[in-house]
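Fold and geometry: a report
The lines below spell out each chain.
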Amino acid sequence: MPDELPHGPIGVFDSGYGGLTVLRDLRRALPDADFLYLGDNARAPYGTRSFELVYEFTLQAVRYLFSRGCPLVILACNTASAKALRSIQQNDLPLLAPSRRVLGVIRPTVEALSDYTRTGAVGLFGTPGTVASGSYDMEIAKLHPDMRLYAHACPMWVPLVEYRESDGDGADYFVRRDIEALTAMSPDIDTVILGCTHYPLLIDKIRKYMPEGISVVTQGEIVAHSLTDYLRRHTDIEAAITRHGTTEYLTTENAAKFADMACVFMGAPVSAKRIELV
Ligand code: DGL
């Protein structure tokens, strides 16, 4: 791949539907920009997969989005950000496309935490992969050494969303159970990060069972704010983003099924195309 910064859309990648919760806010923040969304629904969830596989799948997605001319790719997935981002930034990008950029969602989320917590006791819901990676712990230790993190993995929440069961009784059972498990870790927790971009799709259930007085942090607005700030500071990338206000949706699963879910979520008709990642 030549080392030239192409002009093209912002690539947004997630294992499935979750990244739509970030895309929605990115589009609000950058209404003129073009976006290319890719959900690897055929291979979701990533949260229970090994480091090697999440890295391999994420790299395939980044390469694909680069081949479609994206100057910048956002990994709108905590699991991919936790398990693949650093290797891609440090090892792959310099060989593959040194002028392009790949950004994740964990650092901006941690940067924003001081706007939320007063007690410094912060809860985290994430996939088993994100929690086991210790990525949030490391970022918090660097940026807010005075904060304490209480992390709890929710292996059932992504399947509930991917199988479109987020409004069902099964969701009530698991959301309630996991909230009780996390809040039992410390009475001081006053802020809970939804550290998986799928989780805002369960927000009604989460609000129903979250004790009063605990702030729930979702990542869409935080990532959108952080990206606009990044583009202000990186004018070469900013100038490389094409601006016709379009969004294209790609999935590795059935396109009609994806479009159905995406249009409910994006609040407008969506058409999607199926692609294969190799
Ligand atoms: N949205 C992804 C995340 O933020 C979901 C991971 C999964 O596929 O399990 O972690």
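Just above sits the structure.
What comes next is a walk through the structure. (Residues numbered from 1 in each chain as written. Predicted model: local features only at pLDDT ≥ 70, side-chain atom pairs only at ≥ 80, totals over all residues. Heavy atoms only, no water.)

1. Some points on the sheet that holds strand E8 (residues 215-217)
A sheet is described by the order of its strands in space; here four strands give the open sequence E6-E5-E7-E8, paired in parallel fashion. The open sheet has two edge strands with one neighbour each: strand E6 (148-153) and E8. Shown here is a sheet whose adjacent strand axes are inclined to one another by a mean of 25 degrees, direction ignored. Relative to strand E7 (residues 191-194), strand E5 (residues 121-126) runs parallel, the two sharing four bridges. Counted as the bridge partner of leucine 124 is isoleucine 193 from E7. Its contacts with the sheet place helix H9 (residues 169-183) against E5, E6 and E7, and it is angled at close to 150 degrees to E6. (Pairing = 2+ DSSP bridges. Helix = DSSP H or I, 4+ residues; strand = E, 2+ residues; numbered from the N terminus. Axes fitted to C-alpha atoms, helices over the stretch in contact; angles between N-to-C directions. Contact = heavy atoms within 4.5 Å.)

2. Brief notes about the site of the ligand
The environment of the ligand is made up of 13 residues, and the closest members are Ser15, Tyr46, Gly47, Thr79 and His198. In the environment of the ligand, an oxygen atom lies 2.7 Å from a nitrogen or oxygen atom belonging to the side chain of threonine 79. Between the ligand and the protein, one listed contact pairs a nitrogen atom with a side-chain N or O atom of histidine 198 at 2.7 Å. Looking at the shell around the ligand residue by residue, the classes come out as five nonpolar, seven polar and one charged. (Near = heavy atom within 4 Å. Polar contact = N/O pair within 3.5 Å; in protein donor to acceptor, adjacent residues only side chain to side chain. Nonpolar A, V, L, I, M, F, W, Y, C, P; charged D, E, K, R; others polar.)

3. Describing the layout of surface pockets
Reported here for the largest pocket is a volume of approximately 750 Å³. The wall of the largest pocket is formed by 31 residues, among which Leu85, Gly104, Ile106, Arg107 and Pro108 lie closest to the centre. At the level of elements, helix H3 (78-83), helix H4 (85-96), helix H5 (106-111), helix H7 (135-143) and helix H11 (220-233) are the ones that each hand at least two residues to the lining of the largest pocket. With eight residues, the single largest contributor to the lining of the largest pocket is H11. In this structure, the second largest pocket occupies an estimated 270 Å³ of space. For the second largest pocket, the full set of lining residues is Arg164, Ser166, Asp167, Pro200, Leu201, Leu202, Ile203, Asp204, Lys205, Met261, Val264 and Phe265. Elements that contribute at least two residues to the lining of the second largest pocket include exactly helix H10 (203-209) and helix H13 (255-266). In terms of residue class, the lining of the second largest pocket is built from seven nonpolar, one polar and four charged. (1 Å grid on protein atoms, 1.4 Å probe; cavity = no way out; pocket = protein on both sides within 12 Å on 5 of 7 lines; lining within 4 Å. Points joined across faces, edges and corners; volume = space filled by probe spheres on them.)

4. Considerations on the packing of helix H2 (residues 51-67) against H4
As a packed pair, H2 and H4 sit with axes 12 Å apart at the nearest point and diverge in direction by 40 degrees. By the angle between their axes, H2 is oblique relative to H4. The element H2 and its partner H4 pack so that their crossing is right-handed. Contact residues: H2 offers Tyr55, Thr58, Leu59, Val62, Arg63 and Phe66, while H4 offers Ser87, Ile88, Asp92, Leu93 and Leu96. For the contact of H2 with H4, the per-class residue count stands at seven nonpolar, two polar and two charged. (Parallel < 35°, antiparallel > 145°, perpendicular 65-115°, else oblique. Left-handed = near helix turned anticlockwise from the far one by under 90°.)

5. Looking at the packing of aromatic side chains
Applying the stated criterion to the full structure yields nine aromatic pairs. Both rings, one in phenylalanine 13 and one in tyrosine 46, keep their centres 6.2 Å apart while their planes meet at 50 degrees; by these two values the pair is tilted. Taken together, the residues span a long stretch of sequence, with phenylalanine 13 in strand E1 (residues 10-14) and tyrosine 46 in the loop between strand E2 (35-39) and H2 at a distance of 33 residues. Phenylalanine 13 sits in the buried class, given a relative accessible area of 0%. Ring geometry for tyrosine 37 and tyrosine 249: centres 6.3 Å apart, planes at 50 degrees, overall tilted. With tyrosine 37 in strand E2 and tyrosine 249 in strand E9 (residues 247-251), this residue pair connects regions lying 212 residues apart in the sequence. Taken as a pair, tyrosine 37 and tyrosine 249 share a single burial class, namely buried. (Phe/Tyr/Trp six-rings, centres within 6.5 Å; stacked < 30°, edge-to-face > 60°. Buried < 20%, exposed > 50% of the residue type's maximum accessible area, 1.4 Å probe, protein only.)

6. What about H9?
Taking 1.5 Å of rise per residue, the 15 residues of H9 would be expected to cover 21 Å, and the 21 Å separating its terminal C-alpha atoms lies within 8% of that figure. Within H9 the residues assigned to the buried category are Ala171, Asp172, Phe174, Val175, Asp178, Ile179 and Leu182. Packing partners of the buried residues in H9 comprise E5, E6, helix H8 (157-162), E7 and H10. (Expected span 1.5 Å × (residues − 1).)

7. Notes on the pattern of salt bridges
Applying the stated criterion to the full structure yields 16 salt bridges. The salt bridge partner of arginine 164 is aspartate 260, with a shortest N-O separation of 4.0 Å. Remark: aspartate 260 occurs in helix H13 and arginine 164 occurs in the loop between H8 and H9; sequence separation between them is 96 residues. For arginine 164, a relative accessible area of 37% corresponds to the partly exposed category. Using a relative accessible area of 45% as the deciding quantity, one classes aspartate 260 as partly exposed. Notably, a salt bridge pairs glutamate 180 with arginine 176, separated by 3.5 Å at the nearest N-O pair. With glutamate 180 and arginine 176 both in helix H9, this residue pair falls four residues apart, about one helical turn. (Salt bridge = Lys/Arg side-chain N within 4 Å of Asp/Glu carboxyl O.)

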